[in-house]
Amino acid sequence: MGTHSRMEKVSKCGSVNECLGELMKELGPLYRHKFNAEWQRNQLYHLKRNLPEDWVIIVMDFAENFLCKFQDEPQSAHWAYRQVTVFPAVVHSRCSCGELRRDNLVFLSDDLRHDACITQVFIENILEYVSKLRNMKKVLLVSDGCAAQFKSKLPFLFLARSTLPHSKGASIEKVFFGARHGKNDCDWCDGAVKRNVTRDIASGAVTVNGAQDMFEHCSRTMSHSEGPGECLHKVQRFFLIEPDQVDRKINSSMVKTIHGSRKLHHVRVQAQDELAIRTLSCFCKPCMSEDYAHCLSAAHVPGWQTAKLKFAGSVPFHPQDHEDEKVDCDTLQSEEDSAHIAESEYSDTDFAPSESPVVAFEQEVMSILRNASYTGLWEFLAASHVLRRPILSVF
């Protein structure tokens with residue numbers, strides 16, 4: 001009988017104490033996960049509101065593939081829908097007039113493999129577009145932590161070899177959201193595009209048989225670009241990526257894994273094939289000026305560590321061998337450290353927790369119990385954990 005590694009929902013029988021034991025095991029990692037998600041979200045929110053003139057933030061993610069349905073379609077077409085890859089990227093920057101500017105870039109392709117190789121093609125086109133805006137000093141690529149696309153050894157290799165066209169000395173960094181599949185700026189962008197295309201198909205205005213048809217229609221009806229001498233703060237453009245533009249000669253077997261990469265939320269290039277890694281991001285004034293030794297959030301954010309890429313074979317970029325050892329990121333911060341986070345001196349951001357996640361959780365539980373506005377099974381279990389007393393009965 002074959003085996004598989006798919007996630008399945010199973011039923012388990014046991015005592016209440018066994019259930020509580022399982023719950024307590026799950027609460028430990030949950031504290032750290034919630035803290036990371038809130039921290040990353042608020043750091044990026046603060047940065048967007050105080051974005052320097054020579055910085056640019058690019059939020060990107062894969063959208064669900066678009067199904068090429070037809071109006072008045074034959075019955076047999078229901079089983080043979082073509083799909084189009086949709087990859088939105090939202091670029092936040094400063095206009096020449098000083099106001100915040102938002103560019104919605106939507107990439108369409110018939111290549112349905114959502115891997116790191118096609119993601120790199122999208123990123124290269126985004127960097128080419130960004131380099132034409134103005135002279136940029138720093139580019140932040142913001143995404144979720146999907147290992148197949150953004151957060152693993154192959155995307156890190158692409159990052160180490162990436163450059164910003166027409167800009168000398170510009171640095172490219174990757175920042176990852178703490179939430180797994182949370183909502184971001186890309187969701188409403190691709191949602192609006194799909195809704196408009198679906199509406200036009202239903203009205204008979206267009207027939208979409210693939211990425212080429214969708215690109216031509218969107219470019220004609222939904223593109224918004226600034227003209228000569230015009231100052232436009234909301235721009236939307238579409239790009240078509242042909243399948244033969246994706247080079248998959250480089251694969252993940254050529255690079256060795258950086259252990260602990262799932263804990264990383266900020267990665268930047270330090271030298272050739274050498275990365276600086278951090279478990280959390282910080283955009284306080286010293287960090288934004290690269291004075292990391294005086295980081296105002298040092299109590300919350302561990303310092304930068306060095307990770308050198310180690311290769312298992314020949315990589316087309318450079319033929320030389322690399323014998324440097326990689327860093328083990330598991331030693332950067334343990335789960336026990338997350339329960340003893342000291343008070344931060346950082347006051348420029350909207351998020352500056354004054355206690356550890358454990359203390360915040362206990363205070364929130366006691367506040368709910370005192371308020372008594374709602375008390376359910378989970379609240380009773382949380383109260384039992386905070387008060388360290390067993391639940392004898394519930395009426």
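In the block above lies the structure referred to throughout.
A quick note: this is a predicted structure, and the numbers were derived from the prediction, not measured. Each chain carries its own residue numbering, running from 1 in the written order of its sequence. Per-residue local features are limited, in this predicted model, to residues with pLDDT of at least 70; the limit for side-chain atom pairs, both in listing and counting, is 80 or more; totals at the level of whole chains, interfaces and linings are taken over all residues. Hydrogens are left out, water is left out, and the side-chain values use all remaining heavy atoms of the structure.

Novice: How would you sum up the overall build of the protein? Please name residues and give values.
Specialist: Only DSSP runs of H or I covering at least 4 residues are called helices, and only runs of E covering at least 2 are called strands; the numbering of each starts at the N terminus. The number of helices and strands found in the protein is 8 helices and 10 strands. In the protein, which comprises 395 residues, the proportion classed as buried is 46%. Residue contacts are defined here by distance: any two heavy atoms, one from each residue, within 4.5 Å place the two residues in contact. Restricting the contact set of the protein to residue pairs at least 6 apart, pairs at least 24 apart contribute 72%. Surface exposure of the protein reaches about 21700 Å², of which carbon and sulfur atoms provide 51%. Here's how the labels work: a residue is buried when its accessible area is under 20% of the maximum for its type, exposed when over 50%, partly exposed in between, all with a 1.4 Å probe on protein chains only. Methods summary: accessible areas were calculated by the Shrake-Rupley approach with a probe of 1.4 Å, and residue burial reflects only the protein chains presented.

Novice: Please give an account of the pairing of strand S7 (residues 234-241) that cites residues and values.
Specialist: Within S7, 6 of the 8 residues are buried, which leaves it mostly tucked inside the rest of the structure. Note on pairing: two strands pair once DSSP finds at least 2 bridges between them. Relative to S7, strand S4 (residues 100-109) is paired through 8 bridges, and the arrangement is parallel. Bridging across to S7, Arg102 finds its partner in Lys234.

Novice: I'd like a rundown of the side chain of Glu274, residues and numbers included.
Specialist: Along the chain, Glu274 turns up in strand S9 (residues 274-278). Here a polar contact is recorded for every N or O atom pair within 3.5 Å, except that within protein the pair must consist of a potential hydrogen donor and a potential acceptor, and residues adjacent in sequence are included only if both atoms are side-chain atoms. A distance of 2.7 Å separates polar atoms of two side chains, one belonging to Glu274 and the other to Gln270. If sequence neighbours within four positions are ignored, Glu274 has contacts with Arg268, Val269, Thr306, Ala307 and Lys308.

Novice: Report on the packing of helix H2 (residues 116-131) against helix H3 (residues 153-160), specifying residues and quantitative values.
Specialist: For the pair H2 and H3, interaxial distance at closest approach is 10 Å and the crossing angle is 30°. Viewed along their axes, H2 and H3 adopt a mutual orientation that is roughly parallel. Judged by the sense of rotation from one axis to the other, the crossing of H2 with H3 is right-handed. Contact residues: Ala116, Cys117 and Gln120 in H2; Leu154, Pro155 and Phe158 in H3. Residues are grouped as follows: Ala, Val, Leu, Ile, Met, Phe, Trp, Tyr, Cys and Pro are nonpolar; Asp, Glu, Lys and Arg are charged; all remaining types, including Gly, are polar. Taken together, the residues of the contact of H2 with H3 break down into 5 nonpolar, 1 polar and no charged. Throughout, an axis means a line fitted to C-alpha atoms (over the contacting stretch in the case of helices), and angles, computed between N-to-C directions, take values from 0 to 180 degrees. Working definition: roughly parallel below 35 degrees, roughly antiparallel above 145 degrees, roughly perpendicular at 65 to 115 degrees, and oblique for all remaining angles. A clockwise turn of the near helix away from the far one marks a right-handed crossing, whereas an anticlockwise turn of less than a right angle marks a left-handed crossing.

Novice: Give a detailed account of the packing of helix H4 (residues 185-202) against helix H5 (residues 211-221), specifying residues and quantitative values.
Specialist: Interhelical geometry of H4 versus H5 gives an angle of 100° and a closest axis separation of 11 Å. With respect to H5, the element H4 is oriented roughly perpendicular. When H4 is examined against H5, the residues Val193, Val197 and Asp200 are found in contact with a partner set consisting of Met214, His217 and Cys218. Grouping the amino acids of the contact of H4 with H5 by side-chain chemistry returns 4 nonpolar, 1 polar and 1 charged.

Novice: Could you give an account of the side chain of Ser261, with specific residues and numbers?
Specialist: Checked against the element boundaries, Ser261 lands in the loop between S7 and strand S8 (266-271). For Ser261, a relative accessible area of 12% translates into the label buried. Those residues within four positions of Ser261 in sequence are excluded, and the remaining contacts are Lys151 and Phe156.

Novice: Give a detailed account of the packing of aromatic side chains, specifying residues and quantitative values.
Specialist: What counts as a ring pair is set by centres within 6.5 Å for rings of Phe, Tyr and Trp (its six-membered ring), and what kind of pair is set by the plane angle: stacked under 30 degrees, edge-to-face over 60, tilted for all other angles. If you walk through the whole model with that rule in mind, you get 12 aromatic pairs. Where Phe107 meets Phe122, the ring centres are 5.4 Å apart and the plane angle is 40°; that geometry is what we call tilted. Here Phe122 lies in helix H2 and Phe107 lies in strand S4, a separation of 15 residues in the sequence. Just as Phe107 is buried, Phe122 falls in that class too. Seen in terms of ring centroids, Phe156 and Phe176 are 6.5 Å apart; in terms of plane orientation they differ by 65°. Their pairing is edge-to-face. With Phe156 in helix H3 and Phe176 in strand S6 (residues 171-176), the pair connects residues that are 20 residues apart, well separated along the chain. When sorted by exposure, Phe156 lands in the same class as Phe176, which is buried. Members of the aromatic cluster, joined through ring pairs, are Phe62, Phe87, Phe107, Phe122, Tyr129, Phe150 and Phe239.

Novice: Pulling in residues and values, what's your account of the environment of Asp200?
Specialist: Position of Asp200 relative to the elements: it lies in helix H4. Along the sequence, Asp200 and His217 sit 17 residues apart, while their C-alpha atoms lie 9.4 Å from each other. If we ignore the near neighbours within four places in the chain, the residues touching Asp200 are Ala205, Val206 and His217.

Novice: Break down the pattern of salt bridges for me, with residues and values.
Specialist: When their charged atoms lie close together, side chains carrying opposite charge are able to pair. Only one rule defines a salt bridge in this text: a Lys or Arg side-chain nitrogen within 4 Å of an Asp or Glu carboxyl oxygen. Tallying each qualifying case throughout the model produces 13 salt bridges. With a closest N to O distance of 2.7 Å, Arg101 and Asp103 form a salt bridge. Grouping residues by exposure puts Arg101 and Asp103 together as buried. A salt bridge links Arg113 to Asp115; the nearest nitrogen and oxygen atoms lie 3.8 Å apart. Connected through shared salt-bridge partners, Asp111, Arg113, Asp115 and Arg248 make up one network.

Novice: Can you explain the nonpolar core? Please cite residues and give values.
Specialist: Core analysis: the biggest nonpolar cluster contains 48 residues, and Ile58, Ile126 and Leu309 have the highest contact counts within it. The leading source of residues in this core is H2, at 10 residues. By nonpolar core we mean a set of buried residues, namely Ala, Val, Leu, Ile, Met, Phe, Trp, Tyr and Cys, connected to one another through side-chain atoms within 4.5 Å. In this structure, Phe66, Cys218, Met222 and Leu240 belong to the second largest nonpolar core, which totals 19 residues.

Novice: Explain the pairing of S9 to me, and be specific about the residues and the numbers.
Specialist: Residues in a regular strand project their side chains so that they alternate between the two faces of the sheet. Counting buried residues in S9 gives 5 out of 5 residues, a clear majority hidden from the surface. Of the two faces of S9, both are covered, the one formed by Glu274, Ala276 and Arg278 as well as the one formed by Leu275 and Ile277. Linking S8 to S9, which pair antiparallel, is a turn of 2 residues; within it Asp273 sits at a positive phi near 60°. The pairing of S9 with strand S10 (residues 305-308) spans 4 bridges and is classified as antiparallel.

Everything listed here is a matter of geometry and, on its own, says nothing about what the molecule does.
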